[in-house]
Amino acid sequence: MGKQVTLEQVDGFKFVDGGVCAAEGFVAGGLHCGLHPDPNKNDLGMLYAKAGANAAGVYTTNKVKGAPILVTKKHLGLTGGKAKAVIMNCKNANTCNADGEAKAEEMCKLAALALGIQTEDVLVASTGVIGQVLPIEPIKAHVQELADSLCTGGHLEAEKAIMTTDTVPKELAVEFTVDGATYHLGGMAKGSGMIRPNMATTLNFITTDMTVSSKVLQEILDDVVQITYNCLSVDGDMSTNDMVLFLAGGQNPDVEVKEGTEAFAKLKEALTIVMTNLTRMLAKDGEGATKLIEVSCEGAKNRKDAITIAKSVVDSNLLKCAIFGEDANWGRILCAAGYADADFDVTKVEVHLSSKAGRELVCRNGAGVAFSEEKAAQILKEDEICIEIALQEGDGKAKAWGCDMTYDYVKINGDYRS
């Protein structure tokens with residue numbers, strides 16, 4: 001399938017190139033240091049805020065957390081929510097290792113020495129196999145080369161350095177104006193498997209050139225995560241290393257973003273646009289996937305119930321299999337909605353299936369209706385499928401994203417360590 005998602009233009013926001021480097025003041029890069037056996041695969045990357053940045057983060061809720069998360073949270077605590085750089089790697093998660101924290105600290109120290117900054121100003125992120133000792137020597141041998149290569153055009157090389165089973169890079173940036181001034185917000189993400197709808201799935205890095213305090217960044221990030229990354233499911237597994245870092249490198253104190261202002265609203269909308277589309281990219285590039293599934297739940301009693309139901313449906317492996325088989329088995333949709341921890345009257349529920357090929361009503365008032373199996377099959381042949389659930393009980397609405405479950409998913413995870 002085509003792994004690139006369909007982007008929808010939003011008034012007042014322009015999609016631009018540059019990913020995490022679209023925001024002024026940020027440079028990035030990536031290279032092969034030797035962690036990955038393929039010499040053509042980037043496995044070490046870096047993101048650098050030349051003048052420093054305020055930062056916020058959201059992390060996996062898994063009780064088993066990778067050492068990079070522990071060190072990143074510690075450093076943000078030491079600096080009061082400030083950071084200057086992020087060093088990142090693939091192939092090895094540096095998780096469940098006796099020397100994990102020491103190795104993560106060493107990565108930060110090496111990056112700091114190469115950049116001429118303090119160790120606590122560096123954050124760290126790793127992805128890959130759990131339980132294998134991280135060799136520090138390849139990183140040590142190449143970190144200065146990496147630091148010297150950082151540039152505004154290095155965003156894609158940094159993105160490639162965190163890709164594991166991903167088949168395509170995932171990055172996006174928008175440009176917008178506030179009071180006549182132009183700003184940018186860009187992001188990059190990785191993730192293809194071990195993704196479930198809880199937390200801030202995968203590794204994600206977001207930057208902006210607005211002036212925003214760490215407190216406001218955290219507030220906005222916490223809210224937007226709930227309706228984007230937290231509503232993403234590929235396989236129902238939660239990783240140990242998931243994190244989202246949001247860095248604001250704006251240096252103009254006269255335009256600091258504060259709640260209730262136009263700048264606050266614009267920044268939150270920009271973050272929602274970028275994170276929603278990155279979420280959709282992650283879903284469409286799920287391991288072995290052939291189709292993106294979007295579940296839209298409207299008419300719930302509140303947003304919380306809408307999120308809960310949408311996530312329950314998109315996380316159903318039976319539904320994922322039905323979408324792979326292009327089978328309009330709508331009963332699996334109601335089944336998954338029914339075991340969600342949310343209250344609704346099934347006798348009011350309507351369900352439509354839709355895609356570029358059209359839209360078909362398959363359930364009304366909680367019961368099946370006569371529909372064209374041929375038309376439904378045409379709808380399900382597309383690579384982006386929407387399941388529309390209307391509860392007709394209130395104003396709550398939400399979306400969740402996932403992908404189909406295929407034979408290739410089993411193949412990929414059967415020999416992942418190789």
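Undergrad: What exactly am I supposed to notice about helix H6 (residues 262–284) here?
TA: Three or four residues apart is the spacing at which side chains of an α-helix point the same way, because the helix has 3.6 residues per turn. Counted at 1.5 Å a residue, the expected span for H6 with its 23 residues is 33 Å, and the 33 Å between its end C-alpha atoms agrees. Along H6, 18 of the 23 residues are buried, which leaves the element largely enclosed by surrounding structure.

Undergrad: So what exactly am I meant to see when it comes to the side chain of Thr72 here?
TA: In this fold, Thr72 is placed in helix H1 (residues 67–79). Excluding residues that lie within four positions of it along the chain, Thr72 makes contacts with Tyr59, Leu123, Val124, Met243 and Leu245.

Undergrad: It is not clear to me how the sheet that holds strand E13 (residues 358–364) should be interpreted in this structure. Could you clarify?
TA: Strands pair in a sheet through their backbones, by hydrogen bonds, and they do so in one of two ways: parallel or antiparallel. Pairing is mixed in the open sheet, where seven strands are placed in the order E9-E16-E11-E15-E12-E13-E14. Unpaired on one side and paired on the other, strand E9 (232–233) and strand E14 (367–368) mark the two borders of the sheet. Sheet topology places E9 next to strand E16 (residues 396–403); two bridges connect them, and they run parallel. Each bridged residue has a counterpart across the sheet, and for Ser233 the counterpart in E16 is Gly402. Contacts between H6 and the sheet are confined to E9, strand E11 (292–300), strand E15 (384–390) and E16, with E16 contributing the most and set at about 35° to the helix. Docked against the sheet, helix H10 (residues 373–380) engages strand E12 (350–355), E13 and E15, running at close to 120° with respect to E13.

Undergrad: In this structure, what is going on with the pattern of salt bridges? I would like to understand it.
TA: Close approach of charged atoms lets side chains of opposite charge pair. For the coordinates displayed, the defined rule picks out 18 salt bridges. A salt bridge links Glu388 to Arg359; the nearest nitrogen and oxygen atoms lie 2.8 Å apart. Here Glu388 is found in strand E15, whereas its partner Arg359 is found in strand E13, with 29 residues between them in sequence. Counted as one network, the salt bridges with shared partners bring together Arg280, Lys284, Glu294, Asp383, Glu384 and Lys399.

Undergrad: Honestly, the pairing of E13 in this entry has me stumped. Any pointers?
TA: Side-chain positions along a regular strand alternate between the two faces of the sheet. The sheet contact formed by E12 and E13 spans five bridges and is antiparallel. Considered in E13, the bridge of Ser355 is made with Gly358. Remark: two residues form the turn of the hairpin made by E12 and E13, two consecutive strands paired antiparallel. Direction of pairing for E13 relative to E14: antiparallel, over a ladder of two bridges. Bridged to Cys363 within E14 is Gly368. Hairpin connection of E13 to E14: two residues between the antiparallel strands, including Asn365 at a positive phi of 55°.

Undergrad: Help me out: how do you make sense of unusual backbone geometry in this one?
TA: Leaving glycine out, the prevailing phi sign among residues is negative, and the prevailing peptide bond configuration is trans. The backbone of Lys91 sits at a positive phi, close to 80°, despite the residue not being glycine. Checked against the element boundaries, Lys91 lands in the loop between strand E4 (82–89) and helix H2 (100–115). Given the relative accessible area of 22%, Lys91 is considered partly exposed. For Asp179, which is not glycine, the phi torsion reads 50° and is therefore positive. Along the chain, the position of Asp179 falls in the loop between strand E6 (170–178) and strand E7 (181–190).

Undergrad: What should I look at first to understand empty space enclosed by the protein in this one?
TA: Once rolled over the atoms, a probe with the size of a water molecule shows which space is left empty. Overall, the coordinates contain one cavity of 30 Å³ or more when judged by the stated rule. As for the largest cavity, its lining consists of Leu319, Ala322, Ile323, Asp327, Ala328, Asn329, Trp330, Ile333 and Leu353. Take the lining of the largest cavity: its biggest share by element is three residues, from helix H8 (residues 317–324). Grouping the constituent residues of the lining of the largest cavity by class yields seven nonpolar, one polar and one charged.

Parameters and conventions
Residues take numbers from 1 onward in each chain, read along the sequence in its written order. Only residues with pLDDT of at least 70 get local features here, since the model is predicted, and only at 80 or more are side-chain atom pairs given and counted; chain-wide, interface and lining totals rely on the full set of residues. Side-chain measures here rest on the full set of heavy atoms in the structure, leaving out hydrogens and waters. Numbering of helices and strands starts at the N terminus; helices are DSSP runs of H or I of at least 4 residues and strands are runs of E of at least 2. In this scheme, a helix's expected span is set at 1.5 Å multiplied by one less than its residue total. Only protein chains enter the accessibility calculation, which uses a 1.4 Å probe; a residue whose area is less than 20% of its type maximum is buried, one above 50% is exposed, and one in between is partly exposed. Residues are treated as being in contact if the distance between any of their heavy atoms lies within 4.5 Å. Two strands qualify as a pair provided that DSSP identifies no fewer than 2 bridges between them. Axes here mean lines fitted to C-alpha atoms, for a helix over just the part in contact, with angles spanning 0 to 180 degrees between N-to-C directions. Take a side-chain nitrogen of Lys or Arg and a carboxyl oxygen of Asp or Glu: if they are within 4 Å of each other, that pair is a salt bridge. Here a cavity is any set of points on a 1 Å grid over the protein atoms alone where a 1.4 Å probe fits but cannot get out, and a pocket is any open set with protein on both sides within 12 Å along at least 5 of 7 lines; a residue lines the site when it has an atom within 4 Å of a point. Grid points are joined across faces, edges and corners, and a volume is the space filled by probe spheres set on the points. Amino acids are sorted into nonpolar (Ala, Val, Leu, Ile, Met, Phe, Trp, Tyr, Cys and Pro), charged (Asp, Glu, Lys and Arg) and polar (every other residue, Gly among them).

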